[in-house]
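Structural overview for review
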Amino acid sequence: MTHVESAHLVELALRNATPTDADAEALRHVEQCDRCREELRMLTRVVAAARTAQLVDLPTAPPDRVWQRISRDVSGAPDTPRPPAPAPAPGRRLLLALLALAAATGIAVAHRYLHERAELVRRGVVRQGRETRPSAFWRS
């Protein structure tokens, strides 16, 4: 059994157009099919609720920017560019610079350690994670 397409059920629930033979056939199917009947019933309730809704039914009126955005999206007008983000405060800049310096130092130390360790492994000084003599890295 072929069910009625959801888009057709929406049109039936809206009742905007003059009924056609296809509508009559769809309604005959809806009489026989629980799934399509339930979907049409739900859509009809949604349409009725939407048509009887008042602005006072909303918890709060949407801000003007919402309607402006909807209008802009519907009309296809491009978004207005946003102003650039403000620069961080001088104290915050110093903090960010110190954090970047600390991160760079940590990366440099880890890189040197790993490079030295790889060299020791290559020479066979380090086996199974244990060194046979202290690393030259820590003596420099």
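Residues numbered from 1 in each chain as written. Predicted model: local features only at pLDDT ≥ 70, side-chain atom pairs only at ≥ 80, totals over all residues. Heavy atoms only, no water.

1. Some words on the pattern of salt bridges
- This structure, assessed with the given rule, holds 5 salt bridges.
- Ionic pairing is found between Asp-73 and Arg-69, a salt bridge with its closest N-O pair at 3.4 Å. Taken as a pair, Asp-73 and Arg-69 lie in helix 4 (residues 64–75) at a separation of 4 residues, close to a single helical turn.
- For Asp-73, a relative accessible area of 48% gives the class partly exposed.
- In this structure, the salt-bridge partner of Arg-122 is Glu-119, at a minimum N-O distance of 2.3 Å. Separated by 3 residues within a single helix, Arg-122 and Glu-119 lie in helix 5 (residues 90–123), roughly one turn from each other.
- Using a relative accessible area of 61% as the deciding quantity, one classes Arg-122 as exposed.
- Put simply, Glu-119, Arg-122 and Arg-123 are held in one network by salt bridges that share partners. (Salt bridge = Lys/Arg side-chain N within 4 Å of Asp/Glu carboxyl O. Helix = DSSP H or I, 4+ residues; strand = E, 2+ residues; numbered from the N terminus. Buried < 20%, exposed > 50% of the residue type's maximum accessible area, 1.4 Å probe, protein only.)

2. What about the confidence of the model for the protein chain?
- Mean pLDDT over the protein chain: 80, with 83% of residues reaching 70 or higher.
- Within the protein chain, the lowest mean pLDDT, 51, falls on strand 2 (residues 130–131), and the highest, 93, falls on helix 2 (residues 21–32). (pLDDT = per-residue confidence, 0-100.)

3. So, helix 1 (residues 6–14)
- Within the sequence span of helix 1, burial applies to Leu-9, Leu-12 and Ala-13. End-on view of helix 1: buried residues confined to an arc of 100 degrees, all on one side of the axis.
- Buried residues in helix 1 make contact with helix 2 and helix 3 (34–52).
- Arg-15 lies just past helix 1 and shows a positive phi near 55 degrees. (Arc of directions from axis to C-beta. Contact = heavy atoms within 4.5 Å.)

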